[in-house]
Amino acid sequence: MDAIRVEGLTKRYGEVLAVDGISFAAPVGSTIGLLGGNGAGKTTTISMLLGLLLPTSGSIHVLGHDMARDRFAALARMNFSSPYVSLPARLTVAENLRVYGHLYTVPNLERRIAELAADLALEDFIHRPAGQLSAGQKTRVALAKSLINTPDVLLLDEPTASLDPDTGDWVRSWLERYRAQSKCTILLASHNMAEVHRMCTDVLMLKKGRIVDHGTPDALLERYGREDLEEVFLDIARDRRQAVPA
Amino acid sequence: MSGGVRRVWGLMYRHLALYRRSWPRLVELCYWPVLQMCIWGFTASFLAMRMGSSLAATAGAALLGGVLLWEVTLRSQMGVSISFMEEMWSRNLGHVFVSPLRPWELVAALLGMSIIRMTIGVLPAILLAWAFYAFNLFALGPVLVLFFINLMIMGWAVALGVVSLILRHGSGAEALAWGILFGLAPFSAVFYPVSVLPAVVQPIAWVLPSSHVFEGMRGVLLDGVVHWEQLAAAFGLNVVWIGGASLLFARQFHAARVRGALLSMGE
C-alpha cells in the first residue's frame, strides 16, 4: 500500500510553472528523497503535500485521504520538521511539546513528552526556553515536535542543515531507528547527498518542477556511472551527462 | 475533552504560557486602559469641580462609561489581532497550519485569548474608576453584559478583517492592528450622541454597532431608560459585521493557500 500517492501534481504561479505534472508514490515504510537545486520545486511539493499550498491541478492522497477534501484526517497522522520554521522561542521545550501535543490531540501527553525527552536526550534542557538552545538542541526539539503524534508520514525539510557532523549523524541514526520500529514513511528533502544515499530507499530528482529521474540511490549511481550522488546531482543540474540506458 | 476543544486549548495554552512567565506582557495589557482612565477620570473630576452640578456628574459618568466601554472594543480587537501576530512573529504559523487545527478552531482560540486579554486589561480600569472617581460601571445593571457582548463582537469583526488583510498583504498590514479602531472612534459616538455629528456623517455612525451601544449606554446613564431598539440594532449589525468578516477571513485564508503565503508569513 502507498502512504503517499501523487498524480499529475501541478502548481502554477501566474506565468511561472513551479511544479509541472509530477507523479510518484511512496510505499508504507519507505524513505523517499527529494533532490533538486534551488527552485526545482521541492518546497512547493512539500507544501502541497502538507495542505499549506493548493495545487493548480493533480491529486494528492496521503494514507488513503484525498488532501483536497479530507486533509485534516491525514494531517492528524502526519508531521513536519524544517529548520526554516521555528517553534515559539520564549516557550520552554516542554511547553512547546505540550502545545503541539494538544494540537495533535495526543493521548497521555505528559507520558509521551517524557518518552521523547528520554529518547532524544532532551531532559537536560526541557525546561529551558527554545530560543536559548544550540542548533543541535533545536534540531532535536524540532524532531521531538515532529514525532509528538507518532506520525505515519513524516516530511523532513533539510533535517540536518547547519548541524555538525557528529550531531547530524546522531539525527540520521535516530531517524533510521525510528523508521525501522514504526514503519513510518519519510519524505526527505535535502542537499546532503551522503544523507540521501544513506537514508533513502528511493530518490526523486527534480529539475524545473519536473521529475527528471528516479530510482534507488545505487541504481542512480549505476545509471550515471558515478561514485556518489553529488556527481549525479551535478550531471542532472548542469545537463552534463545523460543516464546510460539499462 | 473533545478533539476540537483540545486543539483550541492547545493554541490558547501557547499564549497563556507566554503571559505566565512575562510580567511586562501582563502590565502592557492593562497599562493603556488604566492610563486612559486616569486622564479622563481627572478630566471628569475637573468638570465636576468647575461646574459643581449634578449635570457635571452625569456628564462625567457618561465620559467614564464611554472610556471603559470603548476599551472593551479596542482590547477585544487587539486581543485577536496581536495573538495572531504573535504566531507570525515567532515564525510558527507553518507548524500551526500543518497541524489538524481547523481554521475555525484557530479563530476560536484567538477569540478565547481576546476575552482573557480584554478582562485583564479592562478590569483594573473599571476598579480604578470605582475606587478613585466614584464611577461604578456595574451600576448600569444587567444590560451592561449586553453592551459588553456587542462591543466585543464588533471588536472581533474588525480583528478578523485585520487578520484577513495580514493574510493578504503580510506584515505590511500589521500597523492596522493598532490604528484601525481609532479611525472608527469619531463615528462611534463614544462621548457624544450621533445627533452631534454632521448630517452627512450620521449614516456612517448608524452602521456601526458601537454607536448604538453608546447611545444605549447614555440612555441608561442619563435617563435611566434601556433603549432596547438600540441594542437590537447593535445585535443585528453585529450579525452582519461578524458574518462579513468571517467570509472575508475564509476567502483570504483560501487565497493564502493558493498563493503559498502561509509558510512564508512573517518574513
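One can find the structure itself at the top, above this paragraph.
Criteria and cut-off values
- Throughout, a residue's number is its position along its own chain's written sequence, starting from 1.
- Note on labels: chains are lettered from A, ligands numbered from 1, in written order.
- Since the coordinates come from a predicted model, pLDDT governs what is reported: local features require at least 70, and pairs of side-chain atoms require 80 or more to be given and counted, while whole-chain, interface and lining totals use all residues.
- Values shown for side chains rest on all heavy atoms present in the structure; no hydrogens or waters enter the calculation.
- Here a strand pair is declared whenever DSSP counts at least two bridges between the two strands.
- Where helices and strands are cited, they refer to DSSP runs of H or I of at least four residues and of E of at least two residues respectively, numbered from the N terminus.
- Helix axes use the C-alpha atoms of the stretch in contact, all axes being lines fitted to C-alpha atoms, and the angles between their N-to-C directions lie in the range 0 to 180 degrees.
- Residues count as neighbours in contact if any of their non-hydrogen atoms are within 4.5 Å of one another.
- Partly exposed residues are those whose accessible area sits between 20% and 50% of the maximum for their type, while under 20% is buried and over 50% is exposed, using a 1.4 Å probe and protein chains only.
- Under the rule applied, a polar contact is a pair of N or O atoms within 3.5 Å (in protein, one hydrogen donor and one hydrogen acceptor; residues adjacent in sequence only if both atoms are side-chain atoms).
- A pairing counts as a salt bridge when a side-chain nitrogen of Lys or Arg comes within 4 Å of a carboxyl oxygen of Asp or Glu.
- To estimate the expected span of a helix, count its residues, drop one, and scale the result by 1.5 Å.
- This arc describes the spread of directions from the helix axis toward the C-beta atoms.
- Each aromatic pair joins two rings of Phe, Tyr and Trp (for Trp, the six-membered one) with centres within 6.5 Å, and gets the label stacked for planes under 30 degrees apart, edge-to-face for over 60, and tilted for any other angle.
- Here the buried area means the combined drop in accessible surface, using a 1.4 Å probe, for two parts upon being joined, counting both sides.
- Under this grouping Gly is polar, as are all residues other than the nonpolar Ala, Val, Leu, Ile, Met, Phe, Trp, Tyr, Cys and Pro and the charged Asp, Glu, Lys and Arg.
- Nonpolar cores are built from buried Ala, Val, Leu, Ile, Met, Phe, Trp, Tyr and Cys residues. Side-chain atoms within 4.5 Å join them into one set.
- The split of the chain into domains comes from an automatic or database domain assignment.

**Notes on the sheet that holds strand β8 (residues 185-189) of chain A**
Strand-to-strand pairing in sheets goes through backbone hydrogen bonds, with the strands running parallel or antiparallel. All names here are of chain A. With mixed pairing, the six strands of this open sheet are ordered in space as β6-β7-β8-β3-β9-β10. Each end of this open sheet is capped by a strand with a single partner; those strands are β6 (78-81) and β10 (210-215). With direction set aside, neighbouring strand axes in the sheet form an average angle of 20°. Here strand β9 (residues 202-207) pairs with β10 via five bridges, running antiparallel. Its bridge partner being in β10, L204 is matched across the sheet by H214. Sheet strands touched by helix α5 (residues 135-147): β6 and β7 (153-157). Its angle to β6, the strand with the most contacts, is close to 165°. Of the strands in this sheet, β9 and β10 are in contact with helix α8 (residues 217-224), which crosses β10 at around 100°.

**A few points about the environment of A:V62**
Residue and element names in this part refer to chain A. Tracing the sequence through the fold places V62 in strand β4 (residues 57-62). Spatially, the C-alpha atoms of V62 and H127 are 35 Å apart, while their sequence positions differ by 65 residues. Ignoring sequence-local partners within four residues, the contact set of V62 consists of A3, L49, M67, A74, M78 and V153.

**Remarks on helix α9 (residues 229-237) of chain A**
Residue and element names in this part refer to chain A. Regarding α9, the residues found buried are L229, V232, F233, L234, D235 and I236. Where α9 is buried, its residues contact β3 (31-36), α7 (193-199), β9, β10 and α8. Backbone nitrogen of E230 and a side-chain oxygen of the N-cap are separated by 3.0 Å at the start of α9; the cap is D228. Among the residues trailing α9, D239 stands out with phi positive, at a value near 55°.

**Details of the pairing of β3(A)**
Residue and element names in this part refer to chain A. Along β3, six of the six residues are buried, which leaves the element largely enclosed by surrounding structure. The two faces of β3 match: T31, G33 and L35 on one face and I32, L34 and G36 on the other face are all buried. Bridging between β3 and β8 involves four bridges; their strand directions are parallel. Note on β8: the bridge partner recorded for L34 is A189. Judged from the five bridges that link them, β3 and β9 form a sheet pairing that is parallel. Each residue of the ladder has a partner; that of L35, found in β9, is M205.

**Description of the pattern of salt bridges**
According to the stated counting rule, one finds 19 salt bridges over all chains in the structure shown. Note that A:R69 is salt-bridged to A:D66, the shortest N-O span being 3.9 Å. Between B:E86 and B:R25 there is a salt bridge, with the nearest N and O atoms lying 2.7 Å from each other. With B:E86 in helix α3 (residues 54-89) and B:R25 in helix α2 (residues 23-51), this residue pair connects regions lying 61 residues apart in the sequence. Overall, B:E86 belongs to the buried group, its relative accessible area being 10%. Ionic contacts of the salt-bridge type, sharing partners, join the residues A:E95, B:R20 and B:R21 into one network.

**Thoughts on helix α6 (residues 165-182) of chain A**
What sets the pattern is the α-helix's 3.6 residues per turn: residues three or four places apart point alike. All names here are of chain A. For α6, which comprises 18 residues, the first-to-last C-alpha distance of 25 Å matches the rise-based estimate of 26 Å (1.5 Å per residue) to within 8%. All buried positions along α6 are accounted for by T167, G168, V171, R172, W174, L175 and Y178. Along the axis of α6, the buried residues cluster in a sector spanning 160°; they form a single face. Projecting away from the buried face of α6 at angles above 90 degrees are the exposed residues P165, D166, A180 and Q181. Each element contacted by the buried residues of α6 is listed here: α4 (109-119), α5, β7, β8 and α7. K183 sits one or two positions beyond α6 and adopts a positive phi of about 60°.

**Overview of the environment of A:G37**
Residue and element names in this part refer to chain A. Tracing the chain through its elements places G37 in the loop between β3 and α1 (42-49). Of the residues examined, G37 reaches a relative accessible area of 26% and is grouped as partly exposed. C-alpha separation for the pair G37 and R98, spaced 61 residues apart in sequence, amounts to 36 Å.

**What about the pairing of β9(A)?**
In terms of burial, β9(A) is a largely internal element, five of the six residues being buried. Between β9(A) and β10(A), which pair antiparallel one after the other, the connecting turn spans two residues, and A:K208 there sits at a positive phi close to 50°.

**A short note on the packing of aromatic side chains**
Going through the model one piece at a time under the given rule, you end up with eight aromatic pairs over all chains. Measuring from ring centre to ring centre gives 5.7 Å for A:W174 and A:Y178, while their planes differ by 10°; the resulting arrangement is stacked. Of this pair, A:W174 and A:Y178 both sit in helix α6, four residues apart, which is roughly one turn of the helix. Grouping residues by exposure puts A:W174 and A:Y178 together as buried. When the ring of B:W89 is compared with that of B:W178, the centres are 6.3 Å apart and the planes differ by 20°; the resulting orientation is stacked. A residue pair is termed long-range when its members are at least 10 positions apart, and B:W89 in helix α3 and B:W178 in helix α7 (residues 176-184) qualify at 89 residues.

**Quick notes on the interface of chain A and chain B**
Each side of the interface is counted separately: chain A has 35 residues, and chain B has 34 residues. Summing the contributions of chain A and of chain B, the shared interface buries around 3,100 Å²; its carbon and sulfur component is 61%. In this assembly, chain A and chain B are joined by two salt bridges. Residue B:R20 pairs with A:E95 through a salt bridge whose shortest N-O separation is 2.8 Å. Inspection of the chain A/chain B interface yields 14 residue pairs in polar contact (both at pLDDT 80 or more). Counting only elements with at least two residues in the side of chain A that touches chain B, the list comes to β1 (2-13), α1, α2 (71-75) and α3 (93-103) of chain A. If you tally residues by element for the side of chain A that touches chain B, the top one is α3(A), at seven residues. Of the residues that constitute the side of chain A that touches chain B, the class distribution is 21 nonpolar, eight polar and six charged.

**Some thoughts on the nonpolar core**
The biggest cluster of nonpolar side chains holds 163 residues, and the ones touching the most others in it are B:L69 and B:F147. Each of two domains, domain 1 (2-77 + 152-237) and domain 2 (89-150) of chain A, supplies a minimum of three residues to this core. B:A189, B:L197, B:V201 and B:A205 belong to the second-largest nonpolar core, a separate cluster that totals five residues.

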